[in-house]
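Residue strings, one per chain:
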Amino acid sequence: MRVELTVDGRLETWQAKPGDTLLEVLRAHGYTGVKDGCANGDCGACAVLVDGRAVASCLLFAAQADGREVTTIEGIGGADGAYHPLQQTMLDAGGVQCGFCIPAMILTAADLLTRNPEPTRAEIGEYLSGNLCRCTGYVKQIDAVEMAAAILREGRVDG
Amino acid sequence: MSQSGITEYLRPATLHEAWAYISGGDPKVKLLSGGADLTINAPPEVTTLVDIGRVLDRAIHTGTDGAVHIGAGATLAEVLEHPSLAGYASGVVPEMMVHVGSPLLRNFSTIGGHLARGRLSDVVPVLIALDAQVTAYRNRSTIELSLAEYLAGRHNERPHILTFVRLPALDDPVAAAYLRIARTSFDFPILNCCCRVDGSADAVAGVHIVCGATPRVAERANQAEAIIREHGLNPSSIAEAGRVAGEEVPTGSGWVASADYRSHLVEVLVGRCLTTVMERLPI
């Protein structure tokens, strides 16, 4: 079946099987920043933005994304290749160790900051509750989201 | 993981077209709303998905009658965040909804899909405690019935599509509370409980005590409710209602909890929930 969607600003038309997940078709077409962790909705490593909301792409059929706008980690930065503030602060705060969970965590945090520009640490923790990290213990990642929120509020960069 | 048994994906343009696909009751054909359950747990006999995500209403609004109307296509996140529900019954809907999975699930799972699934739900006990009504579509007609009746199965055996949820207007004062026990913050509940009291602690006009994930869908604790109606809300009546609820609510054993453990949780959660309700009611 044909699936037509916009990925990171590019219109894509792909063939997919009716039972394929969005995770599978994204990775099959080179969007490997979308990580295949548990494929069961538990780890959150496959999160992408669909029409601006963070979702587990392993729990969506590819056909459900037809006509939608999908953003992966490759598409969240500036057009000139500049990092999104969340990408930069994740590095600055030391939130990245093995890095496997980070693309999804950044996308989930971006969704949060779009709707809640000044979240508390508890709100950040709650919103990231579906993104598992086995390396860091989350403290530095929450630091990073707080730092990015402050940068975006001050308008120091285009988020 | 790809569901290789699914060979057909249909995108109906209207509710009736969607209903027509399922009207024959063929177990190979399954409705798809949000999809979280079907991507990982599609029954092996299912070969055809009927995507109703774009034909369901997803609006949430407060009607002129004071009731909150929720389109079945609304996501759990939209229900969680909607201002109409922030103050409804002391905010018990968002209080509960924040425990359903994680944002990555709530952002696309729909309230209609969740209720149609029914089991292991945080949502169901709360909506039953709030006397929620649901609307089911079938062959160009609709039927409105209570969620409790709907889940009891007498009305949902014939092919239908759940289209709306309605939370009735409540008379102040009213307070409600929700508690759950689960292995992790976003796991399915081992047991949960919602209590709602209308009136005041001394003069109780109405009481709902509903336990879910017992592991049945949800059970009202009628004898415990009678104790609160008769004696009001105070520490001794709450303790007695919890004890009675622990005895009357049927519980079952599963791989995460025994029936005995669940019965003990019923007593504890009912007691704590009623205490919170008492604190939330005006003095």
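Below is a short write-up of the structure. Because the structure is a prediction, the values reported are computed rather than measured.

**Regarding the overall build of chain A**
Move 1: Each helix and strand in chain A was counted, giving five helices and five strands.
Move 2: Sequence-ordered secondary structure for chain A, helices as α and strands as β, is β-β-α-β-β-β-α-α-α-α.
Move 3: Dimensions of chain A along its principal axes, counting C-alpha atoms only, are 45 × 30 × 25 Å.
Move 4: Residue pairs at least 24 apart in sequence account for 56% of intrachain contacts in chain A once pairs closer than 6 positions are excluded.
Move 5: As displayed, chain A has an accessible area near 6800 Å², and 49% of this comes from carbon and sulfur atoms.
Move 6: Averaged over its 13 positive side-chain charges, chain A has a centre that lies 3 Å from the centre of its 21 negative ones.

**A look at the state of the cysteines**
All names here are of chain A.
Move 1: According to the stated counting rule, one finds zero disulfides over all chains in the structure shown.
Move 2: Not engaged in a disulfide, the cysteine C43 finds its nearest cysteine sulfur in C38; these two sulfurs lie 3.7 Å apart.
Move 3: C58 carries a free sulfur, and the closest cysteine sulfur to it, the one in C46, is 3.7 Å from it.
Move 4: For C58, a relative accessible area of 1% puts it in the buried group.

**Regarding the packing of aromatic side chains**
Move 1: Considering all chains together, one arrives at two aromatic pairs over all chains under this definition.
Move 2: Pairing W14(A) with Y31(A) gives two aromatic rings, centres 6.1 Å apart and planes at 50°, and the pair type is tilted. Within this pair, whereas W14(A) is found in strand β2 (residues 10-15), its partner Y31(A) is found in the loop between α1 (22-28) and β3 (47-50), the two being separated by 17 residues in sequence.
Move 3: On the numbers, 6.5 Å between centres and 65° between planes, the contact of F61(A) with Y9(B) is edge-to-face. Linking F61(A) in the loop between β4 (53-56) and β5 (69-71) with Y9(B) in strand β1 (residues 8-10), this pair reaches from one chain into another. Each member of the pair, F61(A) as well as Y9(B), carries the same accessibility label: buried.

**Observations concerning the packing of helix α2 (residues 85-92) of chain A against helix α3 (residues 102-115) of chain A**
Residues and elements named next belong to chain A.
Move 1: Their axes nearest at 10 Å, the elements α2 and α3 cross at an angle of 125°. Regarding the angle of α2 to α3, the classification is oblique. Considering only the axes of α2 and α3, their crossing is right-handed. Here L86, Q87 and M90 of α2 come into contact with α3, specifically with I102, I106, A109, A110 and L113.
Move 2: Each residue belonging to the contact of α2 with α3 can be placed in one class, and the counts come to seven nonpolar, one polar and no charged.

**Let's talk about the packing of helix α11 (residues 235-248) of chain B against helix α12 (residues 259-280) of chain B**
Residues and elements named next belong to chain B.
Move 1: One way to put it is that α11 packs onto α12 with a least axis distance of 7 Å and a crossing angle of 150°. Taken together, α11 and α12 sit at an angle that is classed as roughly antiparallel. Both α11 and α12 take part in a crossing whose hand is right-handed. Counting all contacts with α11, which are made through I238, A241, G242, R243, A245 and G246, the residues of α12 involved are S263, V266, E267, V270, G271, L274, T275 and M278.
Move 2: Grouping the constituent residues of the contact of α11 with α12 by class yields seven nonpolar, five polar and two charged.

**Notes on a nonpolar patch on the surface**
Move 1: Taken together, Y83(A), L91(A) and V96(A) make up a surface patch of nonpolar side chains, about 280 Å² in accessible area.
Move 2: Take Y83(A): it is sitting in the loop between β5 and α2.

**Quick notes on the side chain of H208(B)**
Move 1: Within the fold, H208(B) resides in strand β11 (residues 204-212).
Move 2: Polar contacts involving the side chain of H208(B) include one to the side chain of D131(B), which spans 3.0 Å.

**Points about the pairing of strand β6 (residues 133-138) of chain B**
Residue and element names in this part refer to chain B.
Move 1: For β6, the buried fraction is high: five of the six residues fall into the buried class.
Move 2: Bridge count between β6 and strand β7 (residues 141-146): six bridges; the pairing is antiparallel. Within the sheet, the bridge partner assigned to R138 lies in β7 and is S141.
Move 3: Between β6 and β7, which pair antiparallel and follow one another directly, the connecting turn spans two residues, one of which, N139, has a positive phi of 50°.
Move 4: Pairing analysis gives five bridges linking β6 to strand β8 (residues 161-167), with the strands arranged antiparallel. Note that in β8 the partner of T135 across the bridge is F164.

**Brief notes about the sheet that holds strand β5 (residues 68-71) of chain B**
Residues and elements named next belong to chain B.
Move 1: The sheet built from five strands is open, its strands ordered β4-β5-β8-β6-β7 with antiparallel pairing. Both edges of this open sheet fall to β4 (60-62) and β7, since each of them pairs with a single strand only. Strand-to-strand twist of the sheet, defined as the mean angle between neighbouring strand axes without regard to direction, takes the value 20°.
Move 2: In this structure, β4 lies alongside β5, joined through three bridges in antiparallel fashion. Residue pairing in the sheet places H61 in a bridge with H69 of β5.
Move 3: In the packing of helix α1 (residues 15-22) onto the sheet, the strands contacted are β6 and β8, and the crossing angle to β8 comes to about 125°.

Calculation notes
Residues numbered from 1 in each chain as written. Chains lettered and ligands numbered in written order. Predicted model: local features only at pLDDT ≥ 70, side-chain atom pairs only at ≥ 80, totals over all residues. Heavy atoms only, no water. Helix = DSSP H or I, 4+ residues; strand = E, 2+ residues; numbered from the N terminus. Contact = heavy atoms within 4.5 Å. Areas by Shrake-Rupley, 256 points an atom, 1.4 Å probe, with all protein chains shown as cover. Lys, Arg positive; Asp, Glu negative; His and termini not counted. Charge placed at Lys NZ, Arg CZ, Asp CG, Glu CD. Disulfide = S-S within 2.5 Å. Buried < 20%, exposed > 50% of the residue type's maximum accessible area, 1.4 Å probe, protein only. Phe/Tyr/Trp six-rings, centres within 6.5 Å; stacked < 30°, edge-to-face > 60°. Axes fitted to C-alpha atoms, helices over the stretch in contact; angles between N-to-C directions. Parallel < 35°, antiparallel > 145°, perpendicular 65-115°, else oblique. Left-handed = near helix turned anticlockwise from the far one by under 90°. Nonpolar A, V, L, I, M, F, W, Y, C, P; charged D, E, K, R; others polar. Patch = residues over 30% accessible without salt bridge, like charges linked within 9 Å, V, L, I, M, F, W, Y side chains within 5 Å. Salt bridge = Lys/Arg side-chain N within 4 Å of Asp/Glu carboxyl O. Polar contact = N/O pair within 3.5 Å; in protein donor to acceptor, adjacent residues only side chain to side chain. Pairing = 2+ DSSP bridges.

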